[in-house]
Amino acid sequence: CSAALLDSACVLNWVRQGAPGPRTITSGQGTGKEETQDVVLYKGGKLTVKQVTSLDSRSSILHFQYQLNNQLSWSMRSVLSGHSLFVGIPDGELLKGTKEGLTSVLEFAEEKLKINHIFVLFVKRRPDAFLLTRTFFCLGFELVKPDHLLASMAGDLRLMVYTIQQIHSSEE
């Protein structure tokens, strides 16, 4: 359990230092060098998921790209650590396609990743914090209880969680 908390503390630091959250990119942006270093984990419909790098044996950075149309895509990075996915939402206005892209990420995580929780983190004092909180409530997220150890480490970050109910067909 302490290893998971240590991982979480590292992830919270990553978010505070400006984790690249959702952004919209037009075709032609990015470098070919970045693309060749990524490992494609999934490609289906409008969603592509790549592992950008491994942080350690339990954690890695995932890059999600959601194609809005032929010229425009939505993109974000997150940390997959243990049985949780951590998504940092940067300051600033939510970009076009963010809700649609996040919904696609949630569906992917629920169906393909072997995780129990998806955490979103954003600065509490941002001007649209109420709207952002309400949006994530609509997507099925809940506020992490203030007495939870992870919440006590979050400090100035609002921490919300989406719990994935795993269905096990048989015990091994």
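Every chain's residues receive numbers from 1 upward, in the order its sequence appears when written. Local features in a predicted model are, by the rule used here, given only for residues with pLDDT of at least 70; side-chain atom pairs are given and counted only at 80 or more, and totals for whole chains, interfaces and linings are based on all residues. The side-chain figures draw on all heavy atoms in the structure; neither hydrogens nor water molecules are used.

- The name given to the protein chain in an unreviewed UniProt entry is Ornithine decarboxylase antizyme 2b, with Triplophysa rosa as the source organism.
- UniProt positions are given in the numbering used here, feature names are shortened, and annotations may be inferred rather than shown by experiment. Check the Sequence similarities (unreviewed entry) section of the UniProt entry for the protein chain; it says "Belongs to the ODC antizyme family."

1. Here's the deal with the pairing of strand β9 (residues 157-163)
Here comes step 1: The element β9 is extensively covered by neighbouring structure, given that 5 of its 7 residues are classed as buried.
Here comes step 2: Following DSSP output, two strands are said to pair if at least two bridges run between them. In DSSP terms, a helix is any run of H or I states spanning at least four residues, a strand is any run of E spanning at least two, and both are numbered starting from the N terminus. Of the strand pairs in this sheet, strand β7 (residues 117-123) and β9 are connected by 7 bridges, and their pairing is antiparallel. Looking at the pairing, Val123 lines up with Leu157 of β9.
Here comes step 3: Here strand β8 (residues 142-143) pairs with β9 via 2 bridges, running antiparallel. Its bridge partner lying in β9, Glu142 is registered against Val161. Type-normalised accessible area, obtained with a 1.4 Å probe on protein chains alone, sets the label of each residue: buried when under 20%, exposed when over 50%, and partly exposed for intermediate values.

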